[in-house]
Amino acid sequence: MDFNFFMPVRIYSGKGAVKNNAEVFSAYGKNCGIVTGRSSALKSGALDDVLSVLSKSGINCIIYDKIEENPLIESCHSAGSLFRENKVDFIVGIGGGSPLDASKAIAIYAANENLSPKDIYLRKYDNSPLPVLLIGTTAGTGSEVTGVSVLTDGATGRKKSISGADCYAKAVFADSSYTQSMPYEVTISTALDALSHAVEGCLSAKYADMPQLFADKAIPMLWDCLKWLDKNKTLPDEKMRESLYYGSLYAGMVLNQCGTLFPHPLGYVLTENYKIPHGKACTAFMGELISVGYSYAREKTERIMELAGTNEDEFCSVISRLTALPEITMTDEEISKYCSRWDESAPGNFINTPNGFSKADAERIFRKRFGV
Ligand code: NAP
Ligand code: FE
């Protein structure tokens, strides 16, 4: 029954969460740095709501709106310098996982003038990050509630996470109405990511009673929506958007305690080299994970199916239809190059997989799925 549980984020939820909690912004200072992607903050309506609250509260703001998908450490470093020069007191991140993760890194760079872009991975700096407030516009990563930030090193093109107590937001404004402007493909990929967090967490060696509570909520909510999306191939209504969004937060709480398994690092390879969006890139390996689960963690895997009210066949075929990758081929040389990132040591995602997972397993899966 032992577990460690740490989830220090205050969540203000519901329609109007930003406008109804204006005093939270004022508590963090008079100068705000807003972090967004190119257009989602505007399209979702979240940016307008934040600007209105800041203006009514007499808070100055500066906007950095150049965060790309799979955010680069170099962009985060530039935004950090801009915010430091403008004496920003706190950061508001608005968007999907990319701007939210970027906000956590920018908060570190802004507070630590001498930190070079790639030294953020070493996690050695003197000053605490600026306070971060987050507003999600996708229903996927759960970055709002996790102490994780996934960043891409522009020099190598590789994705790598930082995590820890100082990577949590101080507060989150969780309003699913900001996810309504997501196009169908983004809705699918982000929902797949959320389901993947819950399923990988359930099968992880770190799974325990506390994350189970969140997985029990997340899996049926997300699965029902994904099954509906697969059948109807159209945008969900407001109620389903709400289920997807809260489901993604519950799944984020599972990820936060259990981490992810091999589908995530293998998915990074598809995103980095073949531009597959994060969620689809990870669920591309869901079939392999479920098969490992049935071989080495049968009870846990059966419980996932029971929670979803489905069986292995239906589960894997819905996921594989929704994931539908474009044609990808990999030569042996490419597979060796992609897998060389695991030369030195196996990441936690491999170690926590039922029966373990190795670089050789990754090479075998890539060869079987994509080999020429
Ligand atoms: P994203 O990369 O933030 O956004 C994907 C696309 O959707 C972008 O074009 C974005 O536009 C658009 N978009 C977002 N919200 C929208 C809205 N409401 N209306 C219209 N368009 C919208 O997608 P994501 O899947 O949420 O985040 C993926 C990133 O999170 C990856 O880097 C992944 O590795 C990371 N991640 C983090 C965690 C964690 O715990 N921290 C967990 C899993 C994954 P804009 O470019 O205009 O914003
Ligand atoms: Fe993910």
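Residues numbered from 1 in each chain as written. Chains lettered and ligands numbered in written order. Predicted model: local features only at pLDDT ≥ 70, side-chain atom pairs only at ≥ 80, totals over all residues. Heavy atoms only, no water.

*Asks:* Account for the pattern of salt bridges, naming residues and giving values.
*Replies:* Applying the stated criterion across every chain, the model contains 13 salt bridges. The closest approach of N and O atoms between Glu272 and Arg341, which form a salt bridge, is 2.8 Å. With Glu272 in helix H9 (residues 263–274) and Arg341 in the loop between helix H14 (332–339) and helix H15 (348–351), the pair connects residues that are 69 residues apart, well separated along the chain. Residue Glu272 is classed as buried on the basis of its relative accessible area, which comes to 16%. Ionic pairing is found between Arg364 and Asp361, a salt bridge with its closest N-O pair at 3.3 Å. Taken together, the positions of Arg364 and Asp361, both in helix H16 (residues 359–370) and three residues apart, correspond to about one turn of that helix. (Salt bridge = Lys/Arg side-chain N within 4 Å of Asp/Glu carboxyl O. Helix = DSSP H or I, 4+ residues; strand = E, 2+ residues; numbered from the N terminus. Buried < 20%, exposed > 50% of the residue type's maximum accessible area, 1.4 Å probe, protein only.)

*Asks:* Residues and numbers for the site of ligand 1, please.
*Replies:* Taken together, 30 residues lie around ligand 1, and Ser39, Ser40, Gly97, Ser98 and Asp101 are the ones closest in. Here an oxygen atom of ligand 1 and a side-chain polar atom of Thr138 are 2.8 Å apart. One of the side-chain nitrogen or oxygen atoms of Lys159 is found 2.9 Å away from an oxygen atom of ligand 1. Protein chains bury 91% of the 940 Å² of accessible surface belonging to ligand 1 in isolation. (Near = heavy atom within 4 Å. Polar contact = N/O pair within 3.5 Å; in protein donor to acceptor, adjacent residues only side chain to side chain. Areas by Shrake-Rupley, 256 points an atom, 1.4 Å probe, with all protein chains shown as cover.)

*Asks:* Just give me the short version of helix H3 (residues 46–56), but keep the residues and values in it.
*Replies:* Listed as buried for H3 are Ala46, Leu47, Asp49, Val50, Val53 and Leu54. Across the axial projection of H3, the buried residues extend over an arc of 160°, all falling on one side. Of the exposed residues in H3, the ones pointing more than 90 degrees away from its buried face are Ser55 and Lys56. (Arc of directions from axis to C-beta.)

*Asks:* Outline the pairing of strand E5 (residues 132–136), listing residues and values.
*Replies:* Extensive coverage of E5 is indicated by the burial of five of its five residues. Burial of the side chains of E5 extends over both faces: Val132, Leu134 and Gly136 are buried on one face and Leu133 and Ile135 on the other. Across five bridges, strand E4 (residues 90–95) lies against E5 in parallel orientation. Directly across from Val92, in E5, lies its bridge partner Leu133. (Pairing = 2+ DSSP bridges.)

*Asks:* Before we move on, can you summarise the sheet that holds strand E1 (residues 10–13) with the specific residues and values?
*Replies:* Within the open sheet, the six strands sit side by side as E1-E8-E5-E4-E2-E3. Their pairing is parallel. Each of the sheet's edge strands pairs with one partner strand only, and the pair in question is E1 and strand E3 (60–64). Strand-to-strand, the axes of this sheet are offset by a mean angle of 20°, without reference to chain direction. Across the sheet, helix H5 (residues 97–111) lies against strand E2 (31–35), E4 and E5, angled at about 165° from E4, the strand it touches most. With respect to the sheet, helix H8 (residues 238–258) is in contact with E1, E5 and strand E8 (171–174), its orientation differing from that of E8 by roughly 150°. (Axes fitted to C-alpha atoms, helices over the stretch in contact; angles between N-to-C directions. Contact = heavy atoms within 4.5 Å.)

*Asks:* Residues and numbers for the nonpolar core, please.
*Replies:* Counting residues in hydrophobic clusters, the biggest one holds 98 residues, and the most contacted among them are Ile120, Val199, Leu266 and Phe366. The element that contributes the greatest number of residues to this core is helix H7 (residues 209–232), accounting for ten residues. Once residues within four sequence positions are removed from consideration, Ile120 is found in contact with Ile73, Ala105, Ile108, Tyr109, Leu115, Leu151 and Ile162. Grouped together as the second largest cluster of nonpolar side chains are 22 residues, Ala17, Val24, Val50 and Leu133 included. (Core = buried A, V, L, I, M, F, W, Y, C linked by side-chain atoms within 4.5 Å.)

*Asks:* Could you give me a rundown of the packing of H7 against helix H13 (residues 312–323), with the residues and numbers involved?
*Replies:* Relative orientation of the contacting elements H7 and H13 amounts to 60°, with a least axis distance of 10 Å. By the angle between their axes, H7 is oblique relative to H13. Classified by chirality, the crossing of H13 by H7 is left-handed. Of the residues in H13, those in contact with Trp223, Leu226, Lys227 and Asp230 of H7 are Glu314, Phe315, Val318, Ile319, Arg321 and Leu322. (Parallel < 35°, antiparallel > 145°, perpendicular 65-115°, else oblique. Left-handed = near helix turned anticlockwise from the far one by under 90°.)

*Asks:* Would you mind going over the environment of Thr190 in detail, with residue names and values included?
*Replies:* Positionally, Thr190 belongs in helix H6 (residues 184–203). The spacing of Thr190 and Leu244 is 54 residues in sequence and 9.3 Å in space, taken between C-alpha atoms. In this view, Thr190 contacts Thr138, Ala139, Gly140 and Met182; residues no more than four positions away in its chain are not counted. In this structure the side chain of Thr190 is engaged in a polar contact, spanning 2.6 Å, whose partner is the backbone oxygen of Val186.

*Asks:* Tell me what's going on with the packing of helix H4 (residues 73–85) against H5, and back it up with residues and numbers.
*Replies:* A pair of packed helices is characterised by two quantities: the angle between their axes and the separation of those axes. Closest axis-to-axis distance for the H4/H5 pair is 8 Å, and the angle between their directions is 50°. Relative to H5, the element H4 is oriented oblique. In the crossing of H4 with H5, the sense of the turn from one axis to the other is right-handed. Contacts from Ile73, Cys76, His77, Ala79, Gly80, Phe83 and Arg84 in H4 reach Ala102, Ala105, Ile106, Tyr109 and Ala110 in H5. Per-class residue counts for the contact of H4 with H5 are nine nonpolar, two polar and one charged. (Nonpolar A, V, L, I, M, F, W, Y, C, P; charged D, E, K, R; others polar.)

*Asks:* Mind laying out the packing of aromatic side chains, listing which residues take part and the relevant values?
*Replies:* Tallying each qualifying case throughout the model produces 14 aromatic pairs. Look at Phe6 and Tyr168: their rings are 5.4 Å apart centre to centre, the planes differ by 90°, and that puts the pair in the edge-to-face class. Here Phe6, found in the segment before E1, pairs with Tyr168, found in the loop between strand E7 (158–163) and E8; they are 162 residues apart in sequence, far enough to count as distant. Geometrically, the ring pair formed by Phe350 and Phe357 is edge-to-face, given 4.9 Å between the ring centres and 70° between the ring planes. Members of the aromatic cluster, each reached through a chain of ring pairs, are Phe262, Trp342, Phe350 and Phe357. Sitting over the face of the ring of Tyr64, Lys66 holds its NZ or CZ atom 5.3 Å from the ring centroid. (Phe/Tyr/Trp six-rings, centres within 6.5 Å; stacked < 30°, edge-to-face > 60°. Lys NZ or Arg CZ within 6 Å of the ring centre and 35° of its normal.)

*Asks:* I'd like to hear about the pairing of E8, residue by residue, with values.
*Replies:* Side chains Ala171 and Phe173 project from E8 onto one buried face, and the interleaved Val172 and Ala174 project onto a second face that is buried too. For E5 and E8, the ladder comprises two bridges, and the chain directions are parallel. By the bridge assignment for E8, Leu133 is matched with Ala171.

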